[in-house]
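Remarks on the overall topology
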Amino acid sequence: MGRIDGRVNRAVDAWLEWVPKWEPAAYRARTRLCRRCTGSPVLVASGIPEGTPHQVKHALVSRVQRIVDRLVEEYTEEHLPMLHSELSGADMWRVGGYDPAAGLDPEYDGLDPDPEPAEAGQPFLFTLAGLAADVQPEPPLPRPPLSQQEKDQLRREIELADLRAADVGNEVCFALLGHRPRIVSAIDRFVEPQVRAMLDELSRHLEPPA
Ligand SMILES: [Zn+2]
């Protein structure tokens, strides 16, 4: 638990350093739902007001999501040999240039210009669905098909990884609750005034000519 607290603390610190640099100029209204943010328990736990621009919310969700991903990776590496070898095979392939978003700052991580709509009936974000989607494309080298026994083991390991992800997600959200005051005050101080100025500007343009 202490380990997660420390990571969440550092993620919030990094986000708080980034927030004052946020400008609406860099902000584009989205017409489609963001898979990562929609229904995210991280957003609820963070206390970020609903009307906050998506990019600001997304930056925090991405940083926190990285903690969950990393901890689940560590768990997989230690305890789930079969899933680990599946995923590291997929990773090796990604290094080959498949993933155009690799190495992006977390603020832009997952900000696909044209993301797929959120899947209905899958509101919980801490699943391996995202990883599975990455593994989906065919690997470059053909390999022998898995035996039934191997398939069963892989399925069990995926279930365990999902359970672990849910546990870690809950712990991370719980840790985040303690940071609500400073998250909310950063929004009030750095984001709200800019949003208000934008709305004022907009309403000036909308006023009928005298
Ligand atoms: Zn988002």
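For the structure itself, look to the data block above.
The following paragraphs examine the structure supplied in this document.

Each value, and the rule that gives it
- The numbers attached to residues start from 1 for each chain and follow its sequence in the written order.
- Side-chain atom pairs in this predicted model are given and counted only at pLDDT of 80 or more, local residue features only at pLDDT of at least 70, and totals for whole chains, interfaces and linings cover all residues.
- Excluded from the side-chain calculation are hydrogens and water; included are all heavy atoms of the structure.
- For Na, K and Ca the donor cut-off is 3.2 Å; for every other metal, N, O and S atoms count as donors within 2.8 Å. Water does not enter the count, which can leave sites looking incomplete.
- Key to geometry: four donors with every angle between 85 and 135 degrees are tetrahedral; four donors are square planar and six octahedral where opposite donors lie over 155 degrees apart and all remaining angles lie between 65 and 115; all other sites are irregular.
- Exposure is judged per residue with a 1.4 Å probe applied to protein chains only, and the accessible area is read against the type maximum: over 50% gives exposed, under 20% gives buried, and values in between give partly exposed.
- All axes are obtained by fitting lines to C-alpha atoms, using only the stretch in contact for helices, and the reported angles, taken between N-to-C directions, cover 0 to 180 degrees.
- Helix and strand definitions follow DSSP, with helices as H or I runs of at least four residues and strands as E runs of at least two, each counted in order from the N terminus.
- If an angle is under 35 degrees, it is roughly parallel; if it is over 145, roughly antiparallel; if it lies from 65 to 115, roughly perpendicular; otherwise it is oblique.
- By definition in these notes, contact holds between two residues if any of their heavy atoms fall within 4.5 Å.
- Fitting axes to the seven residues ending at a residue and to the seven starting there, one defines the bend at that residue as the angle between these axes.
- In plain words, nonpolar cores are sets of buried Ala, Val, Leu, Ile, Met, Phe, Trp, Tyr and Cys residues tied together by side-chain atoms within 4.5 Å.
- Throughout, a crossing is termed right-handed when the near helix is turned clockwise from the far one, and left-handed when it is turned anticlockwise from it by less than a right angle.
- Criterion for a salt bridge: a side-chain nitrogen of Lys or Arg within 4 Å of a carboxyl oxygen of Asp or Glu.

Only C34 (SG), C37 (SG), H54 (NE2) and H58 (ND1) from the protein coordinate the zinc ion, and they sit 2.0 to 2.3 Å from it. Taken together, the four donor atoms surrounding the zinc ion define angles of 105 to 119° at the centre, an arrangement classified as tetrahedral. Counting along the primary sequence, the residues that act as donors to the zinc ion give the motif C-x2-C-x16-H-x3-H. For the pair formed by C34 and C37, the shared burial category is buried.

At a closest axis distance of 11 Å, the pairing of helix α1 (residues 2-18) and helix α7 (residues 180-206) adopts a crossing angle of 10°. Accordingly, the angle class assigned to the pair α1 and α7 is roughly parallel. Residue-level contacts link N9, V12, D13, W15 and L16 of α1 to R182, I183, A186 and I187 of α7.

As for its placement among the helices and strands, E86 is situated in helix α4 (residues 81-98). Excluding residues within four positions of it along the chain, E86 makes contact with R143, L146 and L154.

A few words on α7. At V191, α7 is deflected by roughly 40°, the largest bend along its length, and proline P193 occurs up to four residues later in sequence. Buried residues in α7 make contact with α1, α2 (41-46), α3 (54-79) and α6 (148-177).

Ranked by internal contacts, the top residues of the largest apolar core, which has 35 residues, are V8, W15, V172, L176, I183 and V191. Those elements that place two or more of their residues in this core are α1, α2, α3, α6 and α7. Among the elements that take part in this core, α3 stands out by supplying nine residues, more than any other. In this view, L176 contacts V8, V12, V42, A45, S46, V64 and I183; residues no more than four positions away in its chain are not counted.

On to the packing of α1 against α3. With their axes 10 Å apart at the nearest point, α1 and α3 run at an angle of 155° to one another. Here α3 runs roughly antiparallel to α1, going by the angle between their axes. Here α1 runs over α3; the crossing is right-handed. Where α1 approaches α3, its residues R3, I4, R7, V8, A11, A14, W15 and W18 are matched on the opposing element by Q55, V56, A59, L60, R63, I67, R70, L71 and E74.

All right, on to the environment of F174 then. Locating F174 in the fold gives a position in helix α6. Of the residues examined, F174 reaches a relative accessible area of 56% and is grouped as exposed. Between the alpha carbons of F174 and D5 there is a distance of 9.1 Å; along the sequence they are 169 residues apart.

Using the criterion set out here, one finds seven salt bridges in the structure. Of the charged contacts in the structure, one is a salt bridge between E73 and R70, with a shortest N-O distance of 2.6 Å. Taken together, the residues span about one helical turn, with E73 and R70 both in helix α3 at a distance of three residues. For E74, the salt bridge goes to R70, with nearest N and O atoms at 3.8 Å. With E74 and R70 both in helix α3 and four residues apart, the pair spans about one turn of that helix.

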